[in-house]
Amino acid sequence: MTILSAWLMCAALIFSIGLYGILTHGSRLGRLLSVELMANAVHLNLVALGQHRGDETGQVMAFVGIGLTLVSISLGLALIMAIDRDPHAAQTETQSEQMP
Amino acid sequence: MVTVLLIACILCIGSLQLVRSKRPSQATGWLLVVCLSLAVAFISLAAIFAAGIQLLVFAGLMALLLRAMPQTSTPPEMETSGFNVSNITFAGSIAGTFFVFAISAIHSGDLPDSELFVHHGTASQSLERTGHLLFTWHMGSLHILAFVILVGIIGAWVITRRRSLP
């Protein structure tokens, strides 16, 4: 087993664990952290493959990916906080949309 | 190879514990373990830039997560004295980032090549090439990322602001 394949297998394992967390976790925050875990696996893949190729494009792509993950996690956390603060608001808006 | 397997084991165990933990503060702690192990994995791949960015970005994320959780297990006396968990995490991650960059700057010619690295060159040369790539070929991606982060900041502020009663 080469070092690259070891890293790729590790990333695949982390991605699978994150997917399992999304499907089975009860809390919203737990699911959000599982998404974060899956994104980490993708970044590991990008960096390992980029370094194996011998250029730094993988690092740059991982940098962009880390930034995008941060934005998505921040927005998800903001949504969770808003829903926890006023749980009836989202429900009421959904019901008013469904009404003719 | 032993180092790679050790880091991979820590990453997998941390991920499993993160998914299995019921309390949000505990899950955030395991996420910190995963992020730090990932930064070490990046360093072992001679990707100093990615490791530094990983540490910096996740320091902010940890602080955000721990501040957003009112049910953290922080003792009240620590909260009042200013030494709460999020401050310690943030300071530790910032110190770790500067440590990584300082090591790469001081030992610019001494750091060994990564086993994966095809071209001959040190980790600091990799850092230099990454900066060059980022500000020449991938300038467009950098601009788009900056715009998306700006939109994300405004969006998070709009979502979390308290609406005034009519």
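Residues numbered from 1 in each chain as written. Chains lettered and ligands numbered in written order. Predicted model: local features only at pLDDT ≥ 70, side-chain atom pairs only at ≥ 80, totals over all residues.

Considerations on the overall build of chain A
Moving on, step 1. Counting its regular elements, chain A contains four helices and zero strands.
Moving on, step 2. For chain A, the N- to C-terminal ordering of α and β elements is α-α-α-α.
Moving on, step 3. Per-residue burial for chain A yields a buried fraction of 41% across its 100 residues.
Moving on, step 4. A separation threshold of at least 6 residues defines the contact pool for chain A, and within that pool the share at least 24 residues apart is 40%. (Helix = DSSP H or I, 4+ residues; strand = E, 2+ residues; numbered from the N terminus. Buried ≥ 20, exposed ≤ 12 C-beta atoms within 10 Å, placed from the backbone. Contact = placed C-beta atoms within 7 Å.)

Observations concerning the interface of chain A and chain B
Moving on, step 1. Taken together, the contacts link 46 residues of chain A with 50 residues of chain B.
Moving on, step 2. Every element with two or more residues in the side of chain A that touches chain B is listed here: helix H1 (3-24), helix H2 (28-53) and helix H3 (57-85) of chain A.
Moving on, step 3. Considered class by class, the residues forming the side of chain A that touches chain B number 30 nonpolar, 14 polar and two charged. (Nonpolar A, V, L, I, M, F, W, Y, C, P; charged D, E, K, R; others polar.)

As for the packing of H1(A) against H2(A)
Residue and element names in this part refer to chain A.
Moving on, step 1. Across the interface, H1 lies against H2 with an axial gap of 8 Å and an inter-helix angle of 165 degrees. Classified by the angle their axes make, H1 and H2 are roughly antiparallel. Helix-helix and strand crossings are classified by hand; for H1 and H2 the assignment is left-handed. For the pair H1 and H2, the contacting residues are Leu4, Trp7, Leu8, Cys10, Ala11, Ile14, Phe15, Ile17, Gly18, Leu19, Gly21 and Ile22 in the first and Gly30, Arg31, Ser34, Val35, Leu37, Met38, Asn40, Ala41, Leu44, Asn45, Ala48 and His52 in the second. (Axes fitted to C-alpha atoms, helices over the stretch in contact; angles between N-to-C directions. Parallel < 35°, antiparallel > 145°, perpendicular 65-115°, else oblique. Left-handed = near helix turned anticlockwise from the far one by under 90°.)

Structural notes on the nonpolar core
Moving on, step 1. Among the nonpolar cores identified, the biggest contains 57 residues, and Leu44(A), Val47(A), Phe42(B), Ala47(B) and Ala50(B) are the most heavily contacted of them.
Moving on, step 2. When contributions to this core are tallied by element, the ones reaching two or more residues are H1, H2 and H3 of chain A together with helix H1 (2-20), helix H2 (24-44) and helix H3 (48-68) of chain B.
Moving on, step 3. Once residues within four sequence positions are removed from consideration, Phe42(B) is found in contact with Val47(A), Ala47(B), Ala50(B), Ala51(B) and Gln54(B). (Core = buried A, V, L, I, M, F, W, Y, C linked by C-beta atoms within 7 Å.)

Quick look at the packing of H2(A) against H3(A)
Residue and element names in this part refer to chain A.
Moving on, step 1. Axis separation between H2 and H3 bottoms out at 8 Å; the angle between their running directions is 175 degrees. Our classification of the angle between H2 and H3 gives roughly antiparallel. When H2 is examined against H3, the residues Arg28, Leu29, Leu32, Glu36, Ala39, Val42, His43, Leu46, Val47, Leu49, Gly50 and Gln51 are found in contact with a partner set consisting of Thr57, Gly58, Gln59, Met61, Ala62, Gly65, Ile66, Thr69, Ile73, Gly76, Leu77 and Ile80.
Moving on, step 2. Residue composition of the contact of H2 with H3, grouped by class: 13 nonpolar, nine polar and two charged.

Some details on the environment of Val34(B)
Moving on, step 1. With respect to the helices, strands and loops of the structure, Val34(B) is situated in helix H2.
Moving on, step 2. On the basis of neighbour counts, which here come to 25 C-beta atoms within 10 Å, the residue Val34(B) falls in the buried class.
Moving on, step 3. With 18 residues separating them along the chain, Val34(B) and Gly52(B) place their C-alpha atoms 15 Å apart.
Moving on, step 4. If we ignore the near neighbours within four places in the chain, the residues touching Val34(B) are Leu37(A), Asn40(A), Leu11(B), Gly14(B), Ser15(B) and Leu18(B).

Side note on the confidence of the model for chain B
Residues and elements named next belong to chain B.
Moving on, step 1. In this model, chain B carries an average pLDDT of 72, and 63% of its residues clear a pLDDT of 70 or more.
Moving on, step 2. When the elements of chain B are averaged for pLDDT, helix H4 (residues 76-80) gives the smallest value, 44, and helix H7 (residues 139-160) the largest, 88.
Moving on, step 3. Note on residues 71-83: pLDDT is under 50 here. Beyond four places in sequence and across chains, it has 13 contacts.
Moving on, step 4. Confidence drops under pLDDT 50 across residues 116-120; counting only partners more than four residues distant or on other chains, this segment forms eleven contacts.
Moving on, step 5. The ipTM, which scores confidence in the relative placement of chains, is 0.82 for this predicted complex, and the corresponding pTM is 0.75. (pLDDT = per-residue confidence, 0-100.)

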